[in-house]
Amino acid sequence: MAANIEQSFSNPIPSLRDIKIFAIPGLGVDGRVYNRLSAFLPQIQVIEWLIPKPNESLQTYAARMAEPLKGHQGEIILMGTSFGAVVAQEISQFFPLRG
């Protein structure tokens, strides 16, 4: 099964190489969780966790986490693992969807 997954990433859609991918790891995990994926998709940029401020809402925290995405031109993919996916979903509220 793993070999099939690796094969599917070895020939990604050509336009996918032009799309910046931002990834948020789960809590207690760092960007190494994406090492195998980044071998096939080198445009992945890991967004590292920030220390939350006292009484900071999830929406305010997500706005701070979104800083690396601001000003980026072109299409992006935003993804996360575990709680990183929850924060990615919250960050997505700040950006228009493109279909």
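Shown above is the structure to which this text applies.
Criteria and cut-off values
Residues numbered from 1 in each chain as written. Predicted model: local features only at pLDDT ≥ 70, side-chain atom pairs only at ≥ 80, totals over all residues. Heavy atoms only, no water. Buried < 20%, exposed > 50% of the residue type's maximum accessible area, 1.4 Å probe, protein only. Helix = DSSP H or I, 4+ residues; strand = E, 2+ residues; numbered from the N terminus. Arc of directions from axis to C-beta. Contact = heavy atoms within 4.5 Å. Salt bridge = Lys/Arg side-chain N within 4 Å of Asp/Glu carboxyl O. Core = buried A, V, L, I, M, F, W, Y, C linked by side-chain atoms within 4.5 Å.

*Asks:* Mind showing me how you'd approach helix α3 (residues 58-65) here?
*Replies:* Turn by turn, an α-helix covers 3.6 residues, leaving residues three or four places apart pointing in a common direction. Residues Tyr61, Ala62 and Met65 constitute the buried set of α3. Angular distribution of buried residues about the axis of α3 spans 100°; they occupy a single face of the element. Along its buried surface, α3 packs onto β1 (20-24) and α4 (83-92).

*Asks:* I'm lost on the pattern of salt bridges in this one. Help?
*Replies:* Proximity of charged atoms lets side chains of opposite charge pair with each other. Overall, the coordinates contain 3 salt bridges when judged by the stated rule. With a shortest N-O distance of 2.7 Å, Glu56 and Arg64 are connected by a salt bridge. Lys70 is the partner of Glu67 in a salt bridge, and the nearest nitrogen-oxygen pair spans 2.9 Å. When its relative accessible area of 45% is taken as the criterion, Glu67 is described as partly exposed.

*Asks:* Just to check I follow, could you spell out the nonpolar core for this structure?
*Replies:* Within the largest apolar cluster, 12 residues are counted, these being Phe22, Ile24, Ile47, Trp49, Tyr61, Ala62, Met65, Ala66, Leu69, Val87, Ala88 and Ile91. Contributing elements (two or more residues each) for this core: β1, α3 and α4. If we ignore the near neighbours within four places in the chain, the residues touching Ile47 are Phe22, Ala23, Ile24, Pro25, Met65, Pro68, Leu69 and Leu78. Formed by 7 residues, the second largest nonpolar core is a distinct cluster that contains Ile21, Ala23, Tyr34 and Ile44.

*Asks:* Just to check I follow, could you spell out unusual backbone geometry for this structure?
*Replies:* Negative phi characterises most residues that are not glycine, and trans characterises most peptide bonds. Even without a glycine there, the phi angle at Asn55 is positive, about 60°. Looking at where Asn55 falls in the secondary structure, it is placed in the loop between β2 (44-46) and α3. Its relative accessible area of 84% is what places Asn55 among the exposed residues. A positive phi angle, close to 60°, is found at Ser82, a residue other than glycine. Here Ser82 falls in the exposed class, since its relative accessible area comes to 59%.

*Asks:* Mind showing me how you'd approach the environment of Ile51 here?
*Replies:* The topology assignment puts Ile51 in the loop between β2 and α3. Its relative accessible area of 73% is what places Ile51 among the exposed residues. The residues contacting Ile51, other than those within four sequence positions of it, are Tyr61 and Arg64.

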